[in-house]
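A closer look at the structure
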Amino acid sequence: MNTYFIKESDFNNFIDNMLLQLPVIAPVLSSESVESFFSFEFLKNHDELRLDYDITILPPKKAFFPPRQVIIEFSHGKFHGTVNAKKQVLLGVHPYDIKAIDQTDFLFTENYEDINYTAYRNATTLVCSNIQTISKRAFWGSISHDVPARGHDAFLTKLTDLNEAEEEGYLFEVFNEKGHELLSFGQFLLATELQIQQAKSINESIKDKCPQQLNYSQDEMANTICRSFNNTALWDELAQDCFSCGSCNTTCPTCYCFNVEDSWNIDQQSGQRTRYWDSCMTEDFAKISSADGQSENFRKTTAARMRHRIMRKMVYLNDKLGTQACVGCGRCSIACTADIADPVNIIKRIMEEAANDSL
Ligand code: SF4
Ligand code: SF4
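Small disclaimer: the values here were computed from a predicted structure and weren't measured.

**What to know about the overall build of the chain**
For the chain, the count of helices and strands is 12 helices and 14 strands. In terms of C-alpha radius of gyration, the chain reaches 22 Å, essentially the compact-globule figure of 21 Å for 359 residues. Sequence separation of at least 24 residues holds for 73% of the intrachain contacts in the chain that already meet a minimum separation of 6.

Below is the structure:
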């Protein structure tokens, strides 16, 4: 690993030089009313870049796994793949989202490689950035916190609260050749030991500042959730205001379910196959056809779907991933109009109920 420093006064040039050569996807202000909302978009110039964002509406996985993507075109009995990934930079991804991307990398390659995903993933240089502003529903400081963020090519930390004698700027850690290539776009200097220590301290101290905490171990949570599986009154209570919109899934960086749909052009000879994000919280997700021309839904109720979502996040994938399938970003809590999707509140309620039952 090599560690560099770029002065604040040189940073905009770095971004603009990069933009001359490569498409850059980065956090920008997407709307501002009472609150500011941010999203990952193709950057047009350095003015748009907002590395001080708190959270983006959708996770950065959309750079490799878009919400809707045509994957095949077919015509007169022949077909061809349409995925055409080009080199790009995904810049400004917070560590919790890096962890989610790492999970998706594993899940999309563990048995059969999902080439639509890996084509974009491999073509992308992934640059993590430190968290400057904490989202109001975040709890990444207390879930999967012992799992290191990995899979990124470089890490940018804004150095703040410096002595007057020290120059403001960014520490830039480079982990591999992809990260190294970015150095040619800016006036980088070798970082000093003091700058390296300052960045370390900034990234360590932020971990305790999340507004929400889950103060249970992974096993404690998983075991209690499993024991509560048949507590139908509890799941009914947790899901009673759910209107099955699916927003808690579609905003989640670790959700990766999708559906595939063929659509035909008017000639009835050609068309395309599209894949799009799906959500296990929607009513039709688990609806299947049965042999007699009827259909069956094996998770009919909102309670069954809520239970499935929590089992997926906190139990089912733990062994495979070595951690929970939740990185504590808090997007689901913000997106849920009924304000019932927050894993912190759900788990606390489950733990409280289990403690009452054991009295
Ligand atoms: S929990 Fe909230 S966001 Fe999720 S499906 Fe129900 S209403 Fe929608
Ligand atoms: S379940 Fe909610 S808090 Fe956890 S990773 Fe998904 S969106 Fe973020």
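**Description of the site of ligand 1**
Close to ligand 1 lie 13 residues, the nearest being Cys242, Cys245, Cys248, Met281 and Cys336. Broken down by class, the residue content of the shell around ligand 1 amounts to 10 nonpolar, 3 polar and no charged.

**Section: the pairing of strand E1 (residues 2–7)**
The pairing of E1 with strand E9 (residues 169–174) spans 6 bridges and is antiparallel. What sits directly across from Phe5, in E9, is Leu171. Sheet topology places E1 next to strand E10 (residues 189–190); 2 bridges connect them, and they run antiparallel. Bridge assignment links Tyr4 to a residue of E10, and that residue is Leu190.

**With respect to the packing of helix H6 (residues 218–227) against helix H9 (residues 302–316)**
Taken N-terminus to C-terminus, the directions of H6 and H9 make an angle of 140°; their axes are 9 Å apart at the nearest point. When the interaxial angle is binned, H6 and H9 end up oblique. H6 and H9 meet at a crossing whose hand is left-handed. The residues of H9 that touch H6, namely those facing Met221, Ala222, Ile225 and Cys226, are Ile310, Met311, Met314 and Val315. Across the contact of H6 with H9, the residue classes tally to 8 nonpolar, no polar and no charged.

Definitions and limits used
- Residues numbered from 1 in each chain as written.
- Chains lettered and ligands numbered in written order.
- Predicted model: local features only at pLDDT ≥ 70, side-chain atom pairs only at ≥ 80, totals over all residues.
- Helix = DSSP H or I, 4+ residues; strand = E, 2+ residues; numbered from the N terminus.
- Rg over C-alpha atoms; globule rule 2.2 N^0.38 Å.
- Contact = placed C-beta atoms within 7 Å.
- Near = placed C-beta within 6 Å.
- Nonpolar A, V, L, I, M, F, W, Y, C, P; charged D, E, K, R; others polar.
- Pairing = 2+ DSSP bridges.
- Axes fitted to C-alpha atoms, helices over the stretch in contact; angles between N-to-C directions.
- Parallel < 35°, antiparallel > 145°, perpendicular 65-115°, else oblique.
- Left-handed = near helix turned anticlockwise from the far one by under 90°.

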